Amino acid sequence: MNTLTRWEPFTRWEPFKEMEDLQRQMTRLFGLPPLRGNGEKELMTVSQWSPSVDVIEDDKEWLVKADLPEVKKEDVKVTVENSVLTITGERKFEKEEKDKKYHRIERSYGTFLRSFTLPDTADGSKVNAEFKDGLLKVHIAKTEKAKPKAIDVKVA
């Protein structure tokens, strides 16, 4: 009995393409916006640190609280574009002085970026932010249709 074996060509391993594919999958998984649009390839970026965030909802709004200790107000930017809230900024490293020795540096420094896809109930045109004592609060109003309404029921 004679069987023919078909040879498949070898597949070339492209580690950077696999990393880009993994980044694209992670971006979709966490609801982050693509880094580039218009058919351009996405660029790989790594933030040096990422602030902790709480997201809270009540009847009137969504509230995003971000811990930004030792970050200056002018080093923080909040934007809403295409239903995505993005918080970017930078925590700068203290200038090393000659008479001081650093024995341990555990806090992270550098640029950060956090993005959140807004739910359908959020009104991206009604956003305001406040920054005090290292805490950023971003208030996002809910749409009118999302707010609960009391309905009077008449008994006959």
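See the structure above.
If you're wondering where the values come from, they're calculated on a predicted model, not measured in any experiment.

### Looking at the environment of I140
- Position of I140 relative to the elements: it lies in strand β7 (residues 135-142).
- For I140, a relative accessible area of 1% puts it in the buried group.
- Expressed as a C-alpha distance, the spacing of I140 and L118, which sit 22 residues apart in the sequence, is 9.0 Å.
- Look past the residues within four positions of I140 in its chain and what remains in contact with it is E61, W62, V64, L85, L118, A122, D123, K126 and V127.

### Digging into the pairing of strand β4 (residues 84-91)
- For β4, a buried count of 6 out of 8 residues is recorded, marking the element as mostly surrounded by other parts of the structure.
- With 6 bridges joining them, strand β3 (residues 76-81) and β4 adopt antiparallel strand pairing. Following the sheet pairing, K77 is matched in β4 by T88.
- The hairpin formed by β3 and β4 contains 2 residues between the paired strands, and N82 there has a positive phi angle of roughly 50°.

### Regarding the environment of A141
- Its location among the elements puts A141 in strand β7.
- Between the alpha carbons of A141 and S125 there is a distance of 8.4 Å; along the sequence they are 16 residues apart.

### So, the nonpolar core
- In this structure, V64, L68, L85, I87, L136, V138 and I140 are the most contacted members of the largest nonpolar core, which totals 16 residues.
- For this core, the elements supplying multiple residues, two or more each, are β2 (61-67), β4, β5 (110-117) and β7.
- Setting aside chain neighbours within four positions, we find V138 in contact with W62, L63, V64, V78, L85, I87, V127, N128 and A129.

Parameters at a glance
Residues numbered from 1 in each chain as written. Predicted model: local features only at pLDDT ≥ 70, side-chain atom pairs only at ≥ 80, totals over all residues. Heavy atoms only, no water. Helix = DSSP H or I, 4+ residues; strand = E, 2+ residues; numbered from the N terminus. Buried < 20%, exposed > 50% of the residue type's maximum accessible area, 1.4 Å probe, protein only. Contact = heavy atoms within 4.5 Å. Pairing = 2+ DSSP bridges. Core = buried A, V, L, I, M, F, W, Y, C linked by side-chain atoms within 4.5 Å.

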